[in-house]
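Descriptive structure summary
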Amino acid sequence: REEENTRIANGLKRREFTTPLHALTGNYCRLRQEPDTGLVLATNEDEEFRLSHISTGAQEQIFLALRMGFASIAMEGQTAFLILDDAFQHSDWHRREKLTAEILSMVKTGWQVFYFTMDDHIRDLFLEAGEPMGARFKIEELH
């Protein structure tokens with residue numbers, strides 16, 4: 001168990017986690033696993049917050065950063081695809097634009113992203129941000 005905890009602790013320090021964590025949240029730059037309290041997030045000012053005590057929207061951003069990190073590590077530098085189901089539905093409206101841009105930046109590097117949403121605002125953000133990508137950006141609406 002101790003060896004596994006050490007591997008997790010070292011893994012959470014990897015740039016594959018810290019880069020999307022900061023890019024998506026704009027606030028948190030580090031995370032660690034505590035045996036008693038679970039994931040703990042740290043800001044650049046060394047303020048710490050337990051994941052269970054932050055807003056639902058911020059939790060979604062953390063989980064998205066973790067998914068991006070796990071996918072990047074698993075693919076060992078290669079690109080693949082992500083399937084996201086309203087991954088930032090509970091995020092603040094002003095933060096959604098940044099999240100959309102981050103997802104599309106992955107697409108620009110070769111990742112294929114399927115984003116499912118029932119939220120018209122998120123759909124419209126993707127439409128606007130994806131338009132410059134031309135044929136590389138596709139949207140399908142189900143009625």
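Below is a summary of the structure that appears in this document. (Residues numbered from 1 in each chain as written. Predicted model: local features only at pLDDT ≥ 70, side-chain atom pairs only at ≥ 80, totals over all residues. Heavy atoms only, no water.)

1. Observations concerning the pattern of salt bridges
Under the criterion given, the structure shown has eight salt bridges. Salt-bridge contacts for aspartate 46 lead to arginine 30; the nearest nitrogen and oxygen are separated by 2.5 Å. Here the residue aspartate 46 occupies a position in the loop between strand E2 (38-43) and strand E3 (48-50), and arginine 30 occupies one in strand E1 (residues 28-34), the gap between them amounting to 16 residues. Taking the relative accessible area as the measure of exposure, arginine 30 reaches 36% and is therefore partly exposed. When the shortest N-O distance is used, the salt bridge between arginine 32 and glutamate 34 registers 2.5 Å. Assessed through its relative accessible area of 32%, arginine 32 is described here as partly exposed. Put simply, Asp120, Arg123, Asp124 and Glu141 are held in one network by salt bridges that share partners. (Salt bridge = Lys/Arg side-chain N within 4 Å of Asp/Glu carboxyl O. Helix = DSSP H or I, 4+ residues; strand = E, 2+ residues; numbered from the N terminus. Buried < 20%, exposed > 50% of the residue type's maximum accessible area, 1.4 Å probe, protein only.)

2. A short note on the packing of helix H2 (residues 15-25) against helix H3 (residues 56-75)
The N-to-C vectors of H2 and H3 enclose an angle of 150°; their axes lie 8 Å apart at closest approach. Crossing geometry of H2 relative to H3 is assigned as right-handed. Note on element contacts: H3 touches H2 through Gln61, Ile62, Leu64, Ala65, Leu66, Met68, Gly69, Phe70, Ser72 and Ile73, opposite Glu16, Phe17, Pro20, Leu21, Leu24 and Thr25. Partitioning the contact of H2 with H3 into residue classes produces 11 nonpolar, four polar and one charged. (Axes fitted to C-alpha atoms, helices over the stretch in contact; angles between N-to-C directions. Left-handed = near helix turned anticlockwise from the far one by under 90°. Contact = heavy atoms within 4.5 Å. Nonpolar A, V, L, I, M, F, W, Y, C, P; charged D, E, K, R; others polar.)

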